[in-house]
Amino acid sequence: MVMVVERGYRFRFYPTPAQADLLTRTFGCVRLVYNLGLQARRDAWQQRQEALGYGATSALLTGWKKTAEYSFLTEVSSVPLQQALRHLDTAYQKFFGGECRYPRFKSRKRSRRSAEFTASAFTYESGELRLAKLMDTPLAVVWSRPLPEGVVPSTVTVSQDRAGRWFVSLRCKAPAATAPATGQMVGIDAGLNRLLTFSTGEAVENPRQERRERGRPARAQRELARKEKGSRNREKARVRVARVQARVADRRRDMWHQVTTRLVRENQVLVIEDLAVRNMLKNHTLARAISDASWGLFRILLESTATEYGRTLIVVPRWYPSTRLCSHCGVRAAKLDLSVRAWTCTGCNAKHDRDVNAARNILAAGLAVTACGADVGPQRGTPSGRAIGDEAGNTLGRPSGIPVPSG
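Residues numbered from 1 in each chain as written. Predicted model: local features only at pLDDT ≥ 70, side-chain atom pairs only at ≥ 80, totals over all residues. Heavy atoms only, no water.

- Looking at an unreviewed UniProt entry, one finds the chain named Transposase and attributed to Actinoplanes flavus.

### Focus on the overall build of the chain
Part 1 of the reasoning: Regarding its fold elements, the chain presents ten helices and 14 strands.
Part 2 of the reasoning: Projected onto its principal axes, the C-alpha coordinates of the chain cover approximately 80 × 55 × 50 Å.
Part 3 of the reasoning: The buried share of the chain, reckoned over its 407 residues, is 43%.
Part 4 of the reasoning: In the chain, once contacts between residues fewer than 6 apart in sequence are set aside, the share between residues at least 24 apart is 69%.
Part 5 of the reasoning: When the accessible area of the chain is evaluated, it comes to approximately 22300 Å², of which 50% is carbon and sulfur surface.
Part 6 of the reasoning: Side-chain charges of the chain comprise 66 positive and 36 negative groups, with the mean position of each set lying 7 Å from the other. (Helix = DSSP H or I, 4+ residues; strand = E, 2+ residues; numbered from the N terminus. Buried < 20%, exposed > 50% of the residue type's maximum accessible area, 1.4 Å probe, protein only. Contact = heavy atoms within 4.5 Å. Areas by Shrake-Rupley, 256 points an atom, 1.4 Å probe, with all protein chains shown as cover. Lys, Arg positive; Asp, Glu negative; His and termini not counted. Charge placed at Lys NZ, Arg CZ, Asp CG, Glu CD.)

### Topic: the UniProt feature "domain: Probable transposase IS891/IS1136/IS1341" (unreviewed entry) in the chain
Part 1 of the reasoning: Listed under "domain: Probable transposase IS891/IS1136/IS1341" (unreviewed entry) in the UniProt record, and renumbered for this structure, are residues 177–283.
Part 2 of the reasoning: Between the C-alpha atoms that bound residues 177–283 the distance is 39 Å, and the span itself is 51% helix and 18% strand. (UniProt positions renumbered as here; feature names shortened; annotations may be inferred.)

### Looking at the pattern of salt bridges
Part 1 of the reasoning: Under the defined criterion, the tally for this structure stands at 22 salt bridges.
Part 2 of the reasoning: With a closest N to O distance of 3.0 Å, Arg 48 and Glu 50 form a salt bridge.
Part 3 of the reasoning: Accessibility expressed as a relative area gives 34% for Glu 50, which makes it partly exposed.
Part 4 of the reasoning: Residue Arg 299 pairs with Glu 303 through a salt bridge whose shortest N-O separation is 3.1 Å. Placement of the pair is Arg 299 and Glu 303 together in helix H9 (residues 295–309), with a separation of four residues, close to one helical turn.
Part 5 of the reasoning: What you see here is one network of salt bridges that share partners, running through Asp 161, Arg 165, Asp 250 and Arg 253. (Salt bridge = Lys/Arg side-chain N within 4 Å of Asp/Glu carboxyl O.)

### Digging into the nonpolar core
The tendency in soluble globular proteins is for nonpolar side chains to be buried side by side.
Part 1 of the reasoning: Core analysis: the biggest nonpolar cluster contains 44 residues, and Val 158 and Val 168 have the highest contact counts within it.
Part 2 of the reasoning: Elements with a contribution of two residues or more to this core: strand E1 (4–12), helix H1 (17–48), helix H2 (54–65), helix H3 (78–96), strand E2 (113–118), strand E4 (128–131), strand E5 (155–160) and strand E6 (166–175).
Part 3 of the reasoning: Considering every element that reaches this core, the biggest residue donor is H1, with ten residues.
Part 4 of the reasoning: Val 158 has contacts with Phe 13, Leu 23, Phe 27, Arg 113, Ser 114, Ala 115, Phe 117, Leu 131, Trp 166, Phe 167 and Val 168, leaving out every residue within four places of it along the chain.
Part 5 of the reasoning: In terms of nonpolar packing, the next biggest core, distinct from the first, is built from 24 residues, Leu 195, Leu 263, Leu 301 and Leu 313 among them. (Core = buried A, V, L, I, M, F, W, Y, C linked by side-chain atoms within 4.5 Å.)

### A closer look at the environment of Thr 118
Part 1 of the reasoning: Following the sequence through the fold, Thr 118 ends up in strand E2.
Part 2 of the reasoning: In this view, Thr 118 contacts Val 79, Gln 83, Ser 154 and Thr 155; residues no more than four positions away in its chain are not counted.

### Comments concerning the UniProt feature "domain: Transposase putative helix-turn-helix" (unreviewed entry) in the chain
Part 1 of the reasoning: Those residues carrying the UniProt feature "domain: Transposase putative helix-turn-helix" (unreviewed entry) are residues 3–49 in this numbering.
Part 2 of the reasoning: As annotated, residues 3–49 comprises 68% helix and 19% strand, and the C-alpha atoms at either end are separated by 45 Å.

### Quick notes on the layout of surface pockets
Part 1 of the reasoning: Estimated volume of the largest pocket: approximately 1500 Å³.
Part 2 of the reasoning: The wall of the largest pocket is formed by 40 residues, among which Leu 275, Met 280, Thr 323, Leu 338 and Arg 354 lie closest to the centre.
Part 3 of the reasoning: Contributing elements (two or more residues each) for the lining of the largest pocket: strand E7 (185–190), strand E10 (269–273), helix H7 (277–280), H9 and helix H10 (354–372).
Part 4 of the reasoning: Broken down by element, the residue count for the lining of the largest pocket peaks at four residues, all from H9.
Part 5 of the reasoning: Of the residues in the lining of the largest pocket, the class split is 18 nonpolar, nine polar and 13 charged.
Part 6 of the reasoning: When its volume is computed, the second largest pocket comes out at roughly 1200 Å³.
Part 7 of the reasoning: Every element with two or more residues in the lining of the second largest pocket is listed here: E1, helix H6 (232–266) and H9.
Part 8 of the reasoning: Per element, the largest residue contribution to the lining of the second largest pocket is eleven residues, and it comes from H6.
Part 9 of the reasoning: Classifying every residue of the lining of the second largest pocket by side-chain character gives 15 nonpolar, seven polar and twelve charged. (1 Å grid on protein atoms, 1.4 Å probe; cavity = no way out; pocket = protein on both sides within 12 Å on 5 of 7 lines; lining within 4 Å. Points joined across faces, edges and corners; volume = space filled by probe spheres on them. Nonpolar A, V, L, I, M, F, W, Y, C, P; charged D, E, K, R; others polar.)

### Some remarks on the pairing of E4
Part 1 of the reasoning: Going residue by residue along E4, you find Leu 129 and Leu 131 tucked away on one face and Glu 128 and Arg 130 left uncovered on the opposite face.
Part 2 of the reasoning: The pairing of strand E3 (residues 122–125) with E4 spans four bridges and is antiparallel. Bridge pairing links Thr 123 to Arg 130 in E4.
Part 3 of the reasoning: Remark: two residues form the turn of the hairpin made by E3 and E4, two consecutive strands paired antiparallel; Ser 126 in that turn has positive phi of roughly 55 degrees. (Pairing = 2+ DSSP bridges.)

### Focus on the sheet that holds E5
Part 1 of the reasoning: The sheet built from four strands is open, its strands ordered E1-E6-E5-E2 with antiparallel pairing. Either end of the sheet is taken by a strand with one partner, and the two such strands are E1 and E2. If you compare each strand with its neighbour and ignore which way they point, the axes differ by 20 degrees on average.
Part 2 of the reasoning: Strand contacts of H1: E2, E5 and E6, with the helix running at about 95 degrees to E2, the strand carrying the most contacts. (Axes fitted to C-alpha atoms, helices over the stretch in contact; angles between N-to-C directions.)

### Structural notes on the environment of Asp 189
Part 1 of the reasoning: By the secondary structure assignment, Asp 189 is in strand E7.
Part 2 of the reasoning: Given a relative accessible area of 6%, Asp 189 falls into the buried group.
Part 3 of the reasoning: Sequence-wise, Asp 189 and Glu 235 are 46 residues apart; in three dimensions their C-alpha atoms are separated by 42 Å.
Part 4 of the reasoning: Excluding anything up to four places from it in sequence, Asp 189 contacts Leu 195, Leu 196, Thr 197, Glu 273, Asp 355, Ala 358, Ala 359 and Ile 362.

### As for the packing of aromatic side chains
Part 1 of the reasoning: Overall, the coordinates contain ten aromatic pairs when judged by the stated rule.
Part 2 of the reasoning: An angle of 70 degrees between the planes, with centres 6.4 Å apart, marks the rings of Tyr 70 and Phe 72 as edge-to-face.
Part 3 of the reasoning: Using a relative accessible area of 16% as the deciding quantity, one classes Tyr 70 as buried.
Part 4 of the reasoning: The interplanar angle of 85 degrees and the centroid separation of 5.4 Å between the aromatic rings of Tyr 92 and Tyr 102 together place this pair among those described as edge-to-face. (Phe/Tyr/Trp six-rings, centres within 6.5 Å; stacked < 30°, edge-to-face > 60°.)

Below, the structure is given as structure tokens:
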């Protein structure tokens, strides 16, 4: 039986001036309705101890459209406005569930410009996509890859990034990607000199995308700083800066897609370390290099790809001393400075490459979990590691140490 998963297909499109004008106004209306709904829910709770839900805010939306102040809301499709209130309700549910912080008001300059259309507000037929209020002319979408045969989008999200590029994302239910089962297992250690190091000894070199382009964004930023605030030239300079940054981000994302897909296809079990990237960014000496490495994006893509392919991904707690343990005898070395790239074990005299040794220890910890649910550590009050994929449910608890097989 073929497993079906929800997948997003993102394409670039080029709107006509009329389409761009209406979509831009739609973005503004979506942001306004979200903020009005958030304010209404806050006031209801603070003044009357009343918790409003989606139904109540949707009724308020009808009233707002009838007022002279917000009558312009009728000029755009009502579906994206309703979806904005649904997203607000979801944000509240996640907040009360402890998944995120309290919802914040959307900013005109910083918030993402997007609008979501459900099935009643768009048509997709024979490769032509039409949106509500824009049914006369289909969007000029660049179909860089075909949708799976027989797949019909359930929602369509139109967005514009900071560089002024327009995108459309189609959410579809499609057959999951498949690959033959393999008995291969790999431990993965993330770093800066080498972006990834595997327990097999193989490594992915760090392309340092941001460093390669550092001169161009620096020049663009200097030009932006010299422009008068509020002027058209300043807006043009801002777009030039955004385009340079978008080019770097696109290259980085493409590289991670290729790496994670190859890893998942070749290995049945993958073990990584839980990195506190946000805390690591507080190191101002390495913050720029850590941001350029984009380990957070790597983990997101690896988790989603492993889930779709039915692979097992195990996350080892961040306090597990993978670097300092000898992968041959298990003796723990003294604290190693970042400049130390190779060291010799005092217990068995084995010579270790710092990153390869760490990757082998990470794999050993993951194998202990899959075999018998053994504990690893030590940890310092951090959440336990976890496994996802076809063996989800294994957890990593508090440690007493585990035997580490030789690599």
